[in-house]
Amino acid sequence: MDKLKTEILDLAKSAQRASLRVAELGSGEKNAWIKNTCTLLQERREIIFEANRTDLEMADKKSVTGPIRARLDLSGSRWDDMISGLEQIAELEDPVGQVTRMWVRPNGLKVGRMRIPLGVIGIIYESRPNVTIDAAALCVKAGNACILRGGSDAINTNLALGEVLRDATTKTEVPREAISVISMTDRSAIDHLLRASSFVDLVIPRGGPELIRHVTEKSSVPILRHDAGICHMFIDKSAQFEMASSLILDSKLRQVSVCNGLETLLVHRDTEDDLLPRILKILLKSGVEIRGCPEICRILPEAIPAKESDWTTEYLDTILSVKVVNGLEEAIEHIRSYGSNHTEVIVTESIKTAEDFLDRVNSSTVGVNCSTAFSDGFRLGLGAEIGISTSKLHAYGPMGLEGLTTEKFILRGEGQIRE
């Protein structure tokens, strides 16, 4: 057995032992660790920022620019949001031990479902070092141990944050081994983790298509994919210009490097004479590059003809694919063909069309007359999230504390036997 494999398996074994202890902790004990983490983050802020600057300098040397570099940067609002997220997780209701249902059988036997932790969760992600903090806090609050493997581009920041997370266990009941950050950048470390099914209960990959594909093909551990956000908005013929333009701009430009950002706009053919040209001009004026179908290119000469690959591209940039469709049926067909089960929205004044869209589109988040930006744990009242699950088992959509638990059956009897 090679040294790297041994190290990963030893780490996974330690995490499994720690998970048994975390599962039995009360909310107050877990919250004490979260509060310690907040305090230590502020005390070591400059140390963490120095590590982050090292990662950013490495990115600059590799000519990494745009949204990818932005995801690496912990400064500004991202740091404040990270701290705020921790504080909110501490305030959230602990799901562990909740009895979600209870019913009585004809013989008087009471049957119920109770939430329990999943165990050991491996999280593999790219670029965003703030995920290190969010993921660890959510996993531990839900009674789990976690093994975190961020991208090599953020290795210095992730290791600095990992030290904070582990040191924050001091004088708390949370075992230090409940939080691990893999320090090895060798990709084979991921493969060893993916084969540690005796010790790891779930793997959550967050990243680009290559990472998702690799994890899916290699893992013997159950996985929950947090795949690309190919998010759509369909502008129905009854849509009003003011609402449609506002929702499009917010969905696309509020923050371009997020997975719930708008990537494809579908517009009803009956809007070609008025609403559609006005929307295209606003997008162009706002600095958005339009990649359009032939009809869009006819209406807007500045548009770039869309390739087939554009309909499945998560740009994470000021680029938008736009297509004219004949109506709801074609819009739904396009979403089913090219979507990633993330977030889809319809803008319409028709109640029937809205209800048809809600009934027939089965992405993880489906909305009517709202921004795609609401596909987010904070905005849906879930608090910080581990990500947006695009797998239908067992959690789907923004995945908060409840998504990091499962349910066991509990039986309460008075001597009943099976007859």
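Heads up: the structure comes first, above all this text.
Remember, predicted model here, so these are calculated numbers, not experimental data. (Residues numbered from 1 in each chain as written. Predicted model: local features only at pLDDT ≥ 70, side-chain atom pairs only at ≥ 80, totals over all residues. Heavy atoms only, no water.)

Colleague: Which parts of the structure should I look at to understand the overall build of the protein?
Modeller: From N to C terminus, the protein includes 14 helices and 16 strands. For 419 residues, the compact-globule estimate of 2.2 N^0.38 gives 22 Å, and the C-alpha radius of gyration of the protein, at 23 Å, lies within 12% of that figure. With respect to the three principal axes, the spread of C-alpha positions in the protein is 70 × 65 × 40 Å. For the protein, the proportion of its 419 residues judged to be buried stands at 53%. Long-range pairs, those at least 24 residues apart, make up 72% of the contacts in the protein with a sequence separation of at least 6. Within the structure as shown, the protein displays about 18,900 Å² of accessible surface, and the carbon and sulfur contribution to it stands at 48%. The centroid of the 51 positive side-chain charges in the protein is displaced by 4 Å from the centroid of its 60 negative side-chain charges. (Helix = DSSP H or I, 4+ residues; strand = E, 2+ residues; numbered from the N terminus. Rg over C-alpha atoms; globule rule 2.2 N^0.38 Å. Buried < 20%, exposed > 50% of the residue type's maximum accessible area, 1.4 Å probe, protein only. Contact = heavy atoms within 4.5 Å. Areas by Shrake-Rupley, 256 points an atom, 1.4 Å probe, with all protein chains shown as cover. Lys, Arg positive; Asp, Glu negative; His and termini not counted. Charge placed at Lys NZ, Arg CZ, Asp CG, Glu CD.)

Colleague: Just to check I follow, could you spell out helix α11 (residues 275-285) for this structure?
Modeller: It helps to recall that an α-helix has 3.6 residues per turn; residues three or four apart then point in one direction. The complete set of buried residues in α11 reads Leu275, Leu276, Pro277, Ile279, Leu280 and Leu283. Following α11 by one or two positions, Gly287 adopts a phi angle in the positive range, close to 90°.

Colleague: Would you mind showing me how to read the packing of aromatic side chains here?
Modeller: Each aromatic ring pair is summarised here by two numbers: the centre-to-centre distance and the angle between the ring planes. For the coordinates displayed, the defined rule picks out 1 aromatic pair. Between Phe49 and Trp79 the ring centres are 5.1 Å apart and the planes differ by 85°, which places this aromatic pair in the edge-to-face class. Taken together, the positions of Phe49 in helix α3 (residues 45-61) and Trp79 in helix α5 (residues 77-91) put the pair 30 residues apart, joining distant regions of the chain. Residue Phe49 shares its accessibility class with Trp79, and that shared class is buried. If you follow Arg113 out to its NZ or CZ, it ends over the ring of Phe409, 4.1 Å from the centre. The cationic tip of Lys323 hangs over the ring face of Trp311; the distance from NZ or CZ to the ring centre is 5.9 Å. (Phe/Tyr/Trp six-rings, centres within 6.5 Å; stacked < 30°, edge-to-face > 60°. Lys NZ or Arg CZ within 6 Å of the ring centre and 35° of its normal.)

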